[in-house]
Each structure stands twice: as C-alpha cells, then as structure tokens.
Amino acid sequence: MLTVDFNRLGIGPGTKVIDVGCGAGRHSFEAYRLGADVIAFDQDGAELDNVNTVLRAMTENGEAPASAKAETVVGDALALPYPDGTFDCVIASEILEHVPADDNAINELIRVLKVGGTLAVTVPRWLPERVCWFLSDEYHNNEGGHVRIYRASKLRAKITRSGMEFVDAHYAHGLHTPFWWIKCLVGVARPDHPAVSAYHKMLVWDITRQPRITRIAESVLNPLVGKSIALYFEKPVHAVELV
C-alpha cells in the first residue's frame, strides 16, 4: 500500500533514493523494484531487519533489476549521515508528525537532496486526524506517537520557506479513514472488535486484489476524507544557499 505516487518521482535504474523513516519498507521495496539504488533508513533496528529480509528475498527472486542496489541503515533523521546533495529522490512518508523538531528534520531532508531532485513528503491529513484525536487519546498519546496535526498549507509553506519549489499534491487512502475512526471509537487496542475485524478484512482484500469497486470508491473518497496528503517538491539551485 503506497502513499507516494511513484509516477511523480521519475525513479528508475541508477536513481539514488533514500526512504527516511521507512518503517516496514513499502516505499523502499517499490523504489528497488524500479531499479533504484535505495537506502531504507530508520531508527528502529528490529524493523529494518525485517526490511532487509524482504529486500534480500526480492534480490533472490529477481524482483529487482540486477543493477539495482538496496541497503538498510539505522540512524537519526535529524542527523542524516550523508554529504550534501547525495540523493536524486528523498522520501519521508508519515514521519514528520512523529518528530518534535520537524524543522530540523526538514532541513536534513533538503540538505541531502541533489539540486533538481524530488522530495516527497506525506503526513496525516488535518480533518481525518483531528477526528481521530477527538475520539481517542490513546491513538496519539503514546511513546513515538503523533505530536502534531498538520494543515497542508502550513506544511507546504514551511518546506517552501526552506527553499524548495512546490510541484504537486494529492490525497491518499480514503478507504482507511473510516477504519481508523472505528478503531478510535471502540479502542485502538481492540483489533478483535467485530467492526474493526470486518473492516480490516475488507482492506486486506482491497490491497491484495485491487478490485475495481474499491478503486472507484477510494478515488471518490480521497478528495473528501483521504487519510494522508502527499506533497512533492523540487530542489532549485537557490535552495543550496538556504539549507
């Protein structure tokens, strides 16, 4: 289940990509499949062990071009261990809402991006997220949880003030918003609740089968209640002086 639209990234053989806060690795896997040289970067070493296992399996099964490279790196998004202008594409999907010092994280994302490169940032959308916070403190008030709710306009302004040029935006995962509202309503730690379980089965069916009916439903729901918003930026020459 991808939040970032890879058709907007221009990723292919030889593209250098870092997926910052990669989590379970979904965007890293897609970039690797497309032939990129990928770094799956996260602070959670145990999670990265699982990501590495999948990447190695992809290699063994020929699911990525032989020229592609992929590695996992444990580290801090506030201090990326790479020189300025290292990557053609930087992905930061669903991480900034977890980071208290988000300005510092944004500066690091921009610093390691090449001039002309693409930055893709996704965060939970304001309205669906606000409803989740209203329904449940447990949803966000936990270790490593969400520390803020972004308005897309303010996040966009924050990133463009750092010298980036805004390119495009879209919403994603409209089908997932009601699922999280139900979880927050009945208790986020109750995956066995009948309503949660039934909706989860539908989402798994949608992800694995991609039926036309749910694809149409999500396209309708995304502009209304898409769970995430994805923002795309390009690094112009003058941004080098601002980071």
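Look a little higher up for the structure.
Let me sum up the structure you'll find in this document. Note that residues are indexed from 1 along each chain, following the sequence as it is written. Under the rules for a predicted model, residues below a pLDDT of 70 receive no local features and side-chain atom pairs below 80 are neither given nor counted, while totals for whole chains, interfaces and linings still include all residues. Hydrogens and water are ignored here; the side-chain numbers use all heavy atoms of the structure.

### Re the layout of surface pockets
Computed from the structure, the largest pocket encloses a volume of approximately 1,300 Å³. Any residue with an atom within 4 Å of a point lines the site, the site being either a cavity, points on a 1 Å grid over the protein atoms alone where a 1.4 Å probe fits but cannot get out, or a pocket, an open set with protein on both sides within 12 Å along at least 5 of 7 lines. S93, E94, E97, H98 and H146 are the residues nearest the centre of the largest pocket, which is lined by 44 residues in total. A run of H or I in DSSP counts as a helix once it spans at least four residues, and a run of E counts as a strand once it spans at least two, with each numbered from the N terminus. Put simply, the parts of the chain that give the lining of the largest pocket at least two residues each are α1 (26–33), β2 (37–42), α6 (176–186) and α7 (194–209). Of the residues forming the lining of the largest pocket, the biggest block, four residues, is contributed by α7. When residues are sorted by character, Ala, Val, Leu, Ile, Met, Phe, Trp, Tyr, Cys and Pro go into the nonpolar class, Asp, Glu, Lys and Arg into the charged class, and all the rest, Gly among them, into the polar class. A class-by-class count of the residues in the lining of the largest pocket yields 17 nonpolar, 17 polar and ten charged. Counted as a void, the second largest pocket has a volume near 260 Å³. Lining the second largest pocket are 15 residues, and of these M1, L2, H173, R215 and E218 lie nearest its centre. Those elements that place two or more of their residues in the lining of the second largest pocket are β6 (165–172), α7 and α8 (212–225). Considering each element in turn, the lining of the second largest pocket owes the most residues, four residues, to α8. Grid points are joined across faces, edges and corners, and a volume is the space filled by probe spheres set on the points.

### Side note on the environment of F29
The topology assignment puts F29 in helix α1. Buried residues are those whose accessible area, probed at 1.4 Å on protein chains only, stays under 20% of the maximum for their type, while exposed residues exceed 50% and partly exposed ones sit between those limits. The buried category is assigned to F29, whose relative accessible area is 17%. In the structure, F29 is positioned 29 residues away from M58 in sequence and 8.4 Å away in space, judged by C-alpha atoms. Excluding residues that lie within four positions of it along the chain, F29 makes contacts with A24, V51, V54, L55 and M58. In what follows, a contact means two residues having at least one pair of non-hydrogen atoms within 4.5 Å.

### Let's talk about the sheet that holds β6
For two strands to be treated as a pair, DSSP must find no fewer than two bridges joining them. Strand order in the open sheet made by the seven strands is β3-β2-β1-β4-β5-β7-β6, with mixed pairing throughout. Both outer strands of the open sheet, β3 (69–74) and β6, are each paired with one neighbouring strand and no more. Each adjacent strand pair in this sheet contributes to an overall mean axis angle of 15°, direction not counted. Both β2 and β3 contribute to a ladder of six bridges, which runs parallel. Across the sheet, A40 pairs through a bridge with T72, a residue of β3. Those strands touched by α1 are β1 (16–20), β2, β3 and β4 (87–93), and its axis lies near 170° from that of β2. Inter-axis angles, ranging from 0 to 180 degrees, are taken between N-to-C directions of lines fitted to C-alpha atoms, where helices are fitted over the stretch in contact. Docked against the sheet, helix α3 (residues 102–111) engages β1, β4 and β5 (113–124), running at close to 145° with respect to β5.

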